[in-house]
Amino acid sequence: MRALVTGCGRRLGFYLCQRLLEAGWQVVGSYRSERPELALLREAGAELWLADFTRLEEVEQLAQAVAPAGLDLLIHNASGFENGSPDPAEEARQFERFFRVHMQAPHLLNRLLGESLARSGRGLIVHITDIYIHSPPPELAAYVATKAGAHAIAMSAARELAPGVRVNTIEPGPILFLDEHGEAWRQEVLSRTPLAKEGGLAPIWQAIEMLITNDYMTGASLRVDGGRALARI
């Protein structure tokens, strides 16, 4: 079994690569910049490729490198995140970056790797989106709009690539706060999360395991958010 995880250099992507390796998968990871975690993945046997998803030629090169050996699982984890800028020119640049990373690159990889995934007989694509797509905060407009676009791309691919490839999405909630999130902000978020705790990364892996083993799910979206979507986001 062979998997490609995009954005493998830190946080969720790094964690998912570790879990897949432990489960006996051959793992290919893509990353944008060198990080200490990558050395650990290399030592564990992962095959890693440098690819800047804002550059179409690098996305194409990644697909060309991965496709010949076959693929069973593609996890679209690569992501950008930052608050919107009050400067219109900078906001336009942000939107362009988010569009390329969240939408254009995953769409292209789905198209270029679809045949390879179908050949496996159990091909699965998982897009990591965000629960904010259902209630977008104004300060995250560009980020959320392109994550919502990623959801639409996934649903389109689920129809286009069936029956040979299944395509689903996972919508994380407050699973792992960023370093810059202050304690007051964290507590405010958790106060509006029914399970009232930070989820950690394991629940995302558990959702992926379920999607791997359940071969009658495609076009589905799984919210892994501690119930946050039940409250006003």
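Residues numbered from 1 in each chain as written. Predicted model: local features only at pLDDT ≥ 70, side-chain atom pairs only at ≥ 80, totals over all residues. Heavy atoms only, no water.

Visitor: Break down the layout of surface pockets for me, with residues and values.
Guide: Volume-wise, the second largest pocket comes out at about 150 Å³. Surrounding the second largest pocket, Gly121, Arg122, Gly123, Ala162, Pro163, Gly164, Val165, Arg166, Ile212, Asp215 and Thr218 form its lining. Residue composition of the lining of the second largest pocket, grouped by class: four nonpolar, four polar and three charged. (1 Å grid on protein atoms, 1.4 Å probe; cavity = no way out; pocket = protein on both sides within 12 Å on 5 of 7 lines; lining within 4 Å. Points joined across faces, edges and corners; volume = space filled by probe spheres on them. Nonpolar A, V, L, I, M, F, W, Y, C, P; charged D, E, K, R; others polar.)

Visitor: If you had to explain the side chain of Asp72 to someone new, which residues and values would you point to?
Guide: On the secondary structure map, Asp72 appears in the loop between α3 (56–66) and β4 (73–76). Under the relative-accessibility criterion, Asp72 is labelled buried at 9%. Among the polar contacts listed, one links the side chain of Asp72 to the side chain of Ser120, at a separation of 3.4 Å. For Asp72, the residues in contact, after removing those within four places along its chain, are Met1, Arg2, Trp25, Leu117, Ser120, Arg122, Gly123 and Leu124. (Helix = DSSP H or I, 4+ residues; strand = E, 2+ residues; numbered from the N terminus. Buried < 20%, exposed > 50% of the residue type's maximum accessible area, 1.4 Å probe, protein only. Polar contact = N/O pair within 3.5 Å; in protein donor to acceptor, adjacent residues only side chain to side chain. Contact = heavy atoms within 4.5 Å.)

Visitor: Give me the sheet that holds strand β6 (residues 165–172): which residues, what numbers.
Guide: One open sheet accounts for seven strands, arranged β3-β2-β1-β4-β5-β6-β7; its pairing is parallel. The sheet is open, and its two edges are formed by β3 (47–50) and β7 (221–224), each paired on a single side. In this sheet, adjacent strand axes meet at a mean angle of 15 degrees when their direction is disregarded. Note: strand β2 (residues 26–31) against β3, four bridges, orientation parallel. (Pairing = 2+ DSSP bridges. Axes fitted to C-alpha atoms, helices over the stretch in contact; angles between N-to-C directions.)

Visitor: How would you explain the pairing of strand β5 (residues 123–128) if you had to name every residue and give the values?
Guide: Counting buried positions along β5 yields six of six residues, so the element is predominantly enclosed. Relative to β5, β4 runs parallel, the two being bridged by four bridges. From the neighbouring strand, Leu73 faces β5, where its bridge partner is Leu124. In the sheet, β5 pairs with β6 via six bridges, with the strands oriented parallel. Pairing of Val126 across the sheet is with Asn168, part of β6. Taken together, β5, helix α5 (residues 141–161) and β6 constitute a β-α-β crossover, and its handedness is right-handed. (Right-handed = clockwise from strand over helix to strand, strands pointing away.)

Visitor: I'd like to hear about the pairing of β6, residue by residue, with values.
Guide: Along β6, eight of the eight residues are buried, which leaves the element largely enclosed by surrounding structure. Relative to β7, β6 runs parallel, the two being bridged by four bridges. Across the sheet, Pro172 pairs through a bridge with Val224, a residue of β7.

Visitor: A description of unusual backbone geometry should follow, citing residues and the corresponding values.
Guide: The phi torsion of most residues other than glycine is negative, and most of the peptide bonds are trans. For the peptide bond that leads from Ala162 to Pro163, omega is 0 degrees, which places it in the cis range. Tracing the backbone shows Pro163 in the loop between α5 and β6. Positive phi is not limited to glycine here, since Arg11 has a value of about 45 degrees. Looking at the secondary structure, you find Arg11 in helix α1 (residues 11–22). Even without being a glycine, Ala196 presents a positive backbone phi close to 55 degrees. Position of Ala196 among the secondary structure elements: in the loop between α6 (183–191) and α7 (202–213).

Visitor: I'd like a description of the packing of aromatic side chains, backed by residues and values.
Guide: What describes a pair of aromatic rings is the distance from one ring centre to the other and the angle between the planes of the rings. One pass over the structure, following the stated rule, counts one aromatic pair. A centroid spacing of 6.0 Å and a plane angle of 80 degrees characterise the contact between Phe98 and Tyr143, whose relative ring orientation is edge-to-face. Residue Phe98 is located in helix α4 (residues 88–119), and its partner Tyr143 is located in helix α5; the two are separated by 45 residues in the primary sequence. Judged by its relative accessible area of 4%, Phe98 falls in the buried class. We note Arg19 situated over the ring of Tyr15; from NZ or CZ to the ring centre the distance is 4.6 Å. (Phe/Tyr/Trp six-rings, centres within 6.5 Å; stacked < 30°, edge-to-face > 60°. Lys NZ or Arg CZ within 6 Å of the ring centre and 35° of its normal.)

Visitor: Before we move on, can you summarise the side chain of Glu171 with the specific residues and values?
Guide: The topology assignment puts Glu171 in strand β6. If we ignore the near neighbours within four places in the chain, the residues touching Glu171 are Thr129, Asp130, Ile131, Ile133, His134, His151, Ser221, Leu222, Arg223 and Val224.

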